[in-house]
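# Residue-level structural notes
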Amino acid sequence: MLNAFDLRRGVSFLSNSESSFSTVIRERRSVRKYDPTFKMTQEEIQAIIADAVLAPSGSNLQPWRFLVITDQETKQKLLPIAFNQEQVVTSSAVIAVMADLEFYKHAERIYEKSIEAGYMTREAADKLRTNMTGFYANAPAERLLSSVLVDGGLVSMQLMLAARARGFDTVPMAGYNVAQFRELMNVPDHYTNVMLIALGKASEAGHPTTRLDVNDVTFWNHF
């Protein structure tokens with residue numbers, strides 16, 4: 001079994017592509033000190049989001065939405081709402097990962113793109129759209145929230161790994177006043193908050209952390 005030391009140092013039997021991925025996940029740190037003079041371009045941020053949205057989602061309905069905050073005046077207003085976390089104003093951008101609770105209303109557009117790409121037949125797409133729209137439209141609110149938060153977590157982690165692979169740094173933030181954020185940013189009622197992610201270039205490396213051994217967190221066939 002792999003222990004925590006094995007996970008930190010990597011393993012010698014990885015292929016080149018696996019080794020690259022292994023490097024990315026081991027180099028990613030939660031960075032809180034950013035170079036305030038470094039400004040990412042809109043194209044760089046869009047490229048990271050383009051990588052992130054390749055993450056999986058329930059029935060491929062992609063409920064995630066991203067509010068990218070680069071305006072310094074807006075970031076200053078966000079600072080006290082985020083409990084004065086320095087990275088809010090020193091990073092290149094703060095990305096608010098949101099989830100659309102009405103995501104199922106976009107099923108037709110999503111599945112139409114799959115038809116155009118040759119990934120689905122129209123018959124299959126129409127059946128899936130009907131089934132998924134009917135299911136989610138009548139689902140309890142807590143079921144919708146649970147679903148979009150799972151998908152929001154998946155896309156958030158992929159965004160952070162995509163950023164590290166491109167040489168940038170991130171830190172996820174759950175510590176902020178959600179109600180005040182929603183008021184400041186005029187968030188539509190059908191969007192729910194997932195997390196904030198600071199994105200930029202580190203001025204100080206994030207500190208390394210340890211992990212429990214794999215055999216401490218893994219069970220086989222039963223608890």
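Residues numbered from 1 in each chain as written. Predicted model: local features only at pLDDT ≥ 70, side-chain atom pairs only at ≥ 80, totals over all residues. Heavy atoms only, no water.

## Regarding the pattern of salt bridges
Stated formally: Basic side-chain nitrogens of Lys or Arg form a salt bridge, by our definition, when they fall within 4 Å of a carboxyl oxygen of Asp or Glu. In this description a helix means any DSSP run of H or I spanning at least four residues, a strand means any run of E spanning at least two, and both kinds are numbered starting from the N terminus. Exposure categories follow from relative accessible area, calculated using a 1.4 Å probe and restricted to protein chains: below 20% of the type maximum is buried, above 50% is exposed, and the middle band is partly exposed.
Applying the stated criterion to the full structure yields nine salt bridges. Taking the shortest distance from any N to any O, the salt bridge between Arg164 and Glu27 comes out at 3.3 Å. Highlighted residues: Arg164 in helix H8 (residues 141–165) and Glu27 in helix H2 (residues 16–27), separated in sequence by 137 residues. Arg164 sits in the buried class, given a relative accessible area of 15%. On the accessibility criterion, Glu27 (44% relative accessible area) is partly exposed.

## Structural notes on the environment of Arg164
The condition that has to hold: Note on contacts: a residue pair qualifies if any of its non-hydrogen atoms lie within 4.5 Å across the two residues.
Spatially, the C-alpha atoms of Arg164 and Ala107 are 31 Å apart, while their sequence positions differ by 57 residues. Look past the residues within four positions of Arg164 in its chain and what remains in contact with it is Val24, Glu27, Arg28 and Asp169.

## What to know about the confidence of the model for the protein
Heads up, the rule is: Across the chain, each position has a pLDDT score giving the predictor's confidence in that residue, from 0 to 100.
In this model, the protein carries an average pLDDT of 93, and 91% of its residues clear a pLDDT of 70 or more. Within the model, the stretch residues 1–13 combines pLDDT values under 50 with 17 contacts to residues more than four positions away or in other chains.

## A few points about the side chain of Ser156
Within the secondary structure layout, Ser156 lies in helix H8. Classification of Ser156 by relative accessible area gives buried; the value is 1%. Sequence-distant contacts of Ser156, defined by excluding residues within four places in its chain, comprise Val97, Val194, Met195 and Ile197.

## So, the environment of Ala165
Checked against the element boundaries, Ala165 lands in helix H8. Overall, the relative accessible area of 53% leaves Ala165 in the exposed class. Here the alpha-carbon distance between Ala165 and Thr192, two residues 27 residues apart in the chain, equals 28 Å.

## Overview of the nonpolar core
Filter applied, for reference: What is meant by a nonpolar core is a set of buried Ala, Val, Leu, Ile, Met, Phe, Trp, Tyr and Cys residues, joined one to another through side-chain atoms within 4.5 Å.
Counting residues in hydrophobic clusters, the biggest one holds 34 residues, and the most contacted among them are Ile48, Leu61 and Leu199. Among the elements of the structure, helix H3 (42–52), strand E2 (93–100), helix H6 (107–116), helix H7 (122–137), H8 and strand E4 (191–200) are those that each provide at least two residues to this core. Top contributing element to this core by residue count: H8, with seven residues. Ignoring sequence-local partners within four residues, the contact set of Leu61 consists of Phe103, Tyr104, Ala107, Ile110, Tyr111, Met132 and Tyr136.

## Some points on the side chain of Ser91
Put simply, the rule is: Any pair of nitrogen or oxygen atoms within 3.5 Å is treated as a polar contact; in protein, a donor-acceptor pairing is required on top of that, and neighbouring residues in sequence qualify only through side-chain atoms on both sides.
One can find Ser91 in the loop between helix H5 (87–90) and E2. Looking at Ser91, the relative accessible area reads 0%, which means it is buried. Within the local environment of Ser91, its side chain forms a polar contact with the backbone oxygen of Ala93, the two atoms lying 3.2 Å apart. In this structure Ser91 touches Tyr34, Lys75, Ala198 and Leu199, once residues within four positions along its chain are discounted.

## Section: the sheet that holds E2
Heads up, the condition is: Strands qualify as paired when DSSP identifies two bridges or more between them. Angular values range over 0 to 180 degrees, each being the angle between N-to-C directions of two axes fitted as lines to C-alpha atoms, with helices fitted over their stretch in contact.
If you walk across this open sheet you meet the four strands as E1-E2-E4-E3, and the pairing is antiparallel. Edge positions in the sheet fall to strand E1 (64–69) and strand E3 (169–173), since each has one partner strand and no second. Taken over all neighbouring pairs, the strand axes of this sheet differ in orientation by 25° on average, direction set aside. Pairing of E2 with E4 involves eight bridges; the strand directions are antiparallel.

## A look at the packing of aromatic side chains
Our working rule: For Phe, Tyr and Trp, where Trp contributes only its six-membered ring, two rings pair if their centres lie within 6.5 Å, and the inter-plane angle classes them as stacked under 30 degrees, edge-to-face over 60, or tilted in between. Charge-over-ring placement is defined geometrically: NZ (Lys) or CZ (Arg) within 6 Å of the ring centre, and within 35 degrees of the ring normal.
Throughout the structure, instances matching the rule amount to six aromatic pairs. The interplanar angle of 80° and the centroid separation of 5.8 Å between the aromatic rings of Phe103 and Tyr104 together place this pair among those described as edge-to-face. Residues Phe135 and Tyr136 carry aromatic rings whose centres are separated by 5.0 Å and whose planes lie at 80° to one another, so their mutual orientation is edge-to-face. Judged by relative accessible area, Phe135 falls into the partly exposed class, the value being 41%. Aromatic rings pair up to connect Phe103, Tyr104, Phe135 and Tyr136 into one cluster. Geometry around Phe38 places Lys201 over its ring, the cationic atom sitting 5.7 Å from the centre.

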